[in-house]
Amino acid sequence: RSGIARGMVQLPVLGAETLSSSAACPTADDILAVQRMHKPPDVVQRLCEGVHWVLLAPRFARRGRATPVKQKVEWRRVRQTLCAPGLVEAISQYDVRHLQASPALVAHLKEKYFSPEAPDGMLLEFAVRSASHSAGALFSWVERLLREAEAEAANSPKQPSTPLSMSLPSSASKA
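Caption draft 1: Spatial organisation of the overall build of the protein. Helix and strand counts for the protein stand at 9 helices and 0 strands. When the elements of the protein are put in sequence order from the N terminus, they spell out α-α-α-α-α-α-α-α-α. Evaluated residue by residue, the protein yields a buried proportion of 45% over its 175 residues. Taking contacts inside the protein between residues at least 6 apart in sequence as the whole, the part at least 24 apart equals 79%. About 9700 Å² of surface is accessible on the protein, with carbon and sulfur atoms providing 53% of the total.

Structure (structure tokens):
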């Protein structure tokens, strides 16, 4: 595995097309601040789980496999992804087409983290930024990627144009 220490995650080499504007990308300082959090608040930890899945999407697309979305990712695995060499570049050069090619992953992220019906509650920018301003920058980045991936899916004739929030079961409401 080309010199990578056992247990470390190697982030995939990204395509030439990246996000249209780097304004929504977190800075290197933001990323480093989040990397230094060994036991972040729950809201930041959940956001980091989402970042973990986003960053692994290209690996599954490259292998031609569906993304194996689990209900819960071990924090150890999330930390490996967050501390992987090249994380700043992987985030700043992320190609949204990886998410567009993984509609199941986009649906999972929306359902588990960005929906009012999310099992542990919907991640809100205010809550994430209150816990960590640096994590708030990651929140904006993930949210923007999901919006761009959904916009492309809505324009694609292969995908249903019904928004995910309308297709979720209404019996999942929380008290």
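Caption draft 2: Structural view of the packing of aromatic side chains. This structure, assessed with the given rule, holds 2 aromatic pairs. Considering the side-chain rings of F114 and F139, the 5.5 Å spacing of their centres and the 50 degrees angle between planes classify their relative orientation as tilted. Remark: F139 occurs in helix 8 (residues 133-155) and F114 occurs in the loop between helix 6 (103-113) and helix 7 (125-131); sequence separation between them is 25 residues. Taken as a pair, F114 and F139 share a single burial class, namely buried.

Caption draft 3: Seen up close, the confidence of the model for the protein. Confidence in the prediction of the protein, expressed as mean pLDDT, is 77, and 69% of residues score 70 or more. For the protein, per-element mean pLDDT is lowest for helix 9 (residues 164-167), which scores 34, and highest for helix 7, which scores 96. Note on residues 1-23: pLDDT under 50 across the span, and 50 contacts to partners over four residues away in sequence or across chains. For residues 159-175, every residue scores under 50 in pLDDT, and the model assigns this stretch 14 contacts once sequence neighbours within four places are set aside.

Caption draft 4: Quick look at the pattern of salt bridges. Scanning all chains against the criterion turns up 6 salt bridges. One salt bridge connects E125 with R129, and the closest N-O pair in it is separated by 2.9 Å. Of this pair, E125 and R129 both sit in helix 7, 4 residues apart, which is roughly one turn of that helix. Linking R147 and E143 is a salt bridge whose minimum nitrogen-to-oxygen distance equals 3.5 Å. Placement of both R147 and E143 in helix 8 is noted, with a separation of 4 residues, approximately one turn of the helix. Relative accessible area serves as the criterion here: at 29%, E143 is assigned to the partly exposed category.

Caption draft 5: Broad picture of the nonpolar core. L99 and W141 are the most contacted members of the largest nonpolar core, which totals 37 residues. When contributions to this core are tallied by element, the ones reaching two or more residues are helix 1 (28-35), helix 2 (42-62), helix 3 (75-82), helix 4 (87-92), helix 6 and helix 8.

What counts, and at which threshold
- Residues numbered from 1 in each chain as written.
- Predicted model: local features only at pLDDT ≥ 70, side-chain atom pairs only at ≥ 80, totals over all residues.
- Heavy atoms only, no water.
- Helix = DSSP H or I, 4+ residues; strand = E, 2+ residues; numbered from the N terminus.
- Buried < 20%, exposed > 50% of the residue type's maximum accessible area, 1.4 Å probe, protein only.
- Contact = heavy atoms within 4.5 Å.
- Areas by Shrake-Rupley, 256 points an atom, 1.4 Å probe, with all protein chains shown as cover.
- Phe/Tyr/Trp six-rings, centres within 6.5 Å; stacked < 30°, edge-to-face > 60°.
- pLDDT = per-residue confidence, 0-100.
- Salt bridge = Lys/Arg side-chain N within 4 Å of Asp/Glu carboxyl O.
- Core = buried A, V, L, I, M, F, W, Y, C linked by side-chain atoms within 4.5 Å.

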